[in-house]
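# Close look at the chain arrangement
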Amino acid sequence: MSGKEGSGGFRKRKHDNFPQGQKKEEKENINPSSPLMTSFKSFQLELDTRHDKYERLVKLSRDITIESKRTIFLLHRFTSAPNGEEILNESEVKLDAVRRKIKQVAQELIGEDMYQFHRAISPGLQEYVEAASFQYFIKTRSLISVEEINKQLVFTAEDREETTNTTSSSQDKQPHTWSLKVTPVDYLLGVADLTGELMRLCISSVGNGDIDTPFELSQFLRQIYDGFTFIGNTGPYEVSKKLYTLKQSLAKVENACYTLKVRGSEIPKHMLADVFSSKTELIDQEEGLS
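Residues numbered from 1 in each chain as written. Predicted model: local features only at pLDDT ≥ 70, side-chain atom pairs only at ≥ 80, totals over all residues. Heavy atoms only, no water.

### What about the packing of helix α3 (residues 84–108) against helix α4 (residues 118–140)?
The condition is simple: Under this scheme, a helix contributes an axis fitted over its contacting stretch, all axes are lines through C-alpha atoms, and angles between N-to-C directions fall in the 0 to 180 degree range. Every helix listed is a DSSP run of H or I at least four residues long, and every strand listed is a run of E at least two residues long, numbered separately from the N terminus. Oblique is the label for any angle not covered by the other classes, which are roughly parallel (under 35 degrees), roughly antiparallel (over 145) and roughly perpendicular (65 to 115). Whether a crossing is left-handed or right-handed is set by the direction in which the near helix is turned from the far one by less than a right angle, anticlockwise for left-handed and clockwise for right-handed. Note on contacts: a residue pair qualifies if any of its non-hydrogen atoms lie within 4.5 Å across the two residues.
Viewed as axis vectors pointing N to C, α3 and α4 meet at an angle of 155°, and their least axial separation amounts to 11 Å. On the basis of their axis angle, the class for α3 and α4 is roughly antiparallel. As α3 runs across α4, the sense of the crossing is left-handed. For the pair α3 and α4, contact is made by Leu88, Ser91, Glu92, Leu95, Val98, Arg99, Ile102 and Val105 and by Ile121, Tyr128, Ala131, Ala132, Gln135, Ile138 and Lys139, respectively.

### Remarks on the pattern of salt bridges
A side chain with one charge may pair with a side chain of the opposite charge, provided their charged atoms come close. For the record, the criterion: By definition, a salt bridge exists where a carboxyl oxygen of Asp or Glu is found within 4 Å of a side-chain nitrogen of Lys or Arg. Using a 1.4 Å probe on the protein chains alone, a residue whose accessible area is under 20% of its type maximum counts as buried, one over 50% counts as exposed, and one in between counts as partly exposed.
Within this structure, the stated rule accounts for 13 salt bridges. In this structure, the salt-bridge partner of Arg141 is Glu216, at a minimum N-O distance of 3.9 Å. With Arg141 in the loop between α4 and α5 (146–152) and Glu216 in helix α8 (residues 212–231), the pair connects residues that are 75 residues apart, well separated along the chain. By relative accessible area, which is 35% here, Glu216 ends up partly exposed. Between Glu197 and Arg200 there is a salt bridge; the shortest N-O distance is 3.3 Å. Placement of both Glu197 and Arg200 in helix α7 (residues 184–207) is noted, with a separation of three residues, approximately one turn of the helix. Judged by its relative accessible area of 44%, Arg200 is partly exposed. Connected via shared salt-bridge partners are Glu92, Asp96, Arg99 and Lys139.

### Some points on the environment of Ser218
The residue Ser218 is located in helix α8 in this model. Note on Ser218: relative accessible area 4%, which makes it buried. The spatial distance from the C-alpha of Ser218 to the C-alpha of Ala251 is 9.0 Å, given a sequence separation of 33 residues. If we skip the residues at most four places from it in the chain, Ser218 touches Leu250, Val253, Glu254 and Cys257.

### Focus: α3
For the record, the criterion: Between the first and last residue of a helix there are one fewer steps than residues, each counted as 1.5 Å, and that sum is the expected span. Any pair of nitrogen or oxygen atoms within 3.5 Å is treated as a polar contact; in protein, a donor-acceptor pairing is required on top of that, and neighbouring residues in sequence qualify only through side-chain atoms on both sides.
Helix length check: α3 (25 residues) gives 36 Å between terminal C-alpha atoms against 36 Å at 1.5 Å per residue, within 8%. One side-chain oxygen of the residue at the start of α3 lies 3.3 Å from the amide nitrogen of Glu85, identifying that residue as Asn83.

### Quick notes on a nonpolar patch on the surface
Put simply, the test is: In this analysis, a patch consists of residues with relative accessible area above 30% that form no salt bridge, clustered at 9 Å for like charges and at 5 Å for the nonpolar side chains Val, Leu, Ile, Met, Phe, Trp and Tyr. Per-residue and other accessible areas were derived by the Shrake-Rupley procedure at a 1.4 Å probe size, with only the shown protein chains allowed to occlude residues.
On the surface, Leu36, Phe40 and Phe43 cluster together to form a nonpolar patch covering roughly 340 Å² of accessible area. If you trace the backbone, Phe43 turns up in helix α2 (residues 35–75). Owing to a relative accessible area of 45%, Phe43 belongs among the partly exposed residues under this scheme.

### Points about the nonpolar core
Selection criterion: Residues belong to one nonpolar core when they are buried, are Ala, Val, Leu, Ile, Met, Phe, Trp, Tyr or Cys, and are joined through side-chain atoms within 4.5 Å.
Core analysis: the largest hydrophobic core is formed by 57 residues, its most contacted members being Tyr128 and Leu198. Where this core is concerned, the elements lending two or more residues are α2, α3, α4, α5, β1 (154–160), α7, α8 and α9 (237–263). Sequence-distant contacts of Tyr128, that is, excluding residues within four places in its chain, are made with Ile64, Ser68, Leu95, Val98, Arg99, Ile102, Ile149, Gln152 and Leu153.

### Details of the layout of surface pockets
Using the following cut-off: Only protein atoms enter the 1 Å grid used here, on which a cavity is any set of points holding a 1.4 Å probe that cannot leave and a pocket is any open set flanked by protein within 12 Å on both sides along at least five of seven lines; residues with an atom within 4 Å of a point are listed as lining. Grid points are joined across faces, edges and corners, and a volume is the space filled by probe spheres set on the points. Residue polarity is assigned by list, with Asp, Glu, Lys and Arg as charged and Ala, Val, Leu, Ile, Met, Phe, Trp, Tyr, Cys and Pro as nonpolar; anything else, Gly included, falls into the polar class.
When its volume is computed, the largest pocket comes out at roughly 220 Å³. Every residue lining the largest pocket is counted, 14 residues in all, and those nearest its centre are Glu130, Asp193, Gly196, Glu197 and Arg200. Of all the elements in the fold, those that place two or more residues in the lining of the largest pocket are α2, α4, α7 and α9. Among the elements that take part in the lining of the largest pocket, α7 stands out by supplying five residues, more than any other. Class assignment for the residues of the lining of the largest pocket results in three nonpolar, four polar and seven charged. Looking at the second largest pocket, its volume works out to about 160 Å³. Among the elements of the structure, α4 and α7 are those that each provide at least two residues to the lining of the second largest pocket. The dominant element in the lining of the second largest pocket, judged by the number of residues it contributes, is α4, at five residues.

Here it is as structure tokens:
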């Protein structure tokens, strides 16, 4: 046994040789008002403030995601509702509520670098892009651009300050503007998720006897898929990962169009949706085995 080892065979650490009393004296001799301690306290305060803001943004992003999903579920009733305008008006009210949540996000990010908190708000922004683009497609049968989405996310308000020295009401009103820009990656990911909702819209349209919508959706999804293939593996990892899901949705819609074209006259309209759902399950099983 070497001299550096104790009786139990364990190597002694260097700081074990210092007496415990000396350690306590060193801790007591620390000056809390020293420049070093003051700097570390300021670092602690800054990190705690940033962490609290990050958690608030995560909660707002979850609220945005939930309300956007509810809007999407509402828009799926458009094909079966007797009055589609009521569904669109109700969806606009829900999207306005989502934008008010996004306004709170914009207020939290005043004076901050958005990309430092991007991971906290990205899921909510993607879901909002999906809901807004889904509503826009139902209205116009086209894809909303990222510029149009960003125009919807510019917020203005007037904060009135009560002062005793002011003489006119115009001086009491100070306009403020908040804006939050959707990044190109969040826009692409939201559009990729939109294809899944369009696939469900295709199946529900056939179940309601609408034969023209699946062919229109097939052409629209093919254009989106062509656009994503131009990006390929050169874009962000998340975008290339969504490409597989997009291709899967396109295959399901094309399969529905094939069934309508070839066997549409043989199958009653009220049974077409059941046929498509069974074929969709077969496609999922084959892709899972491959």
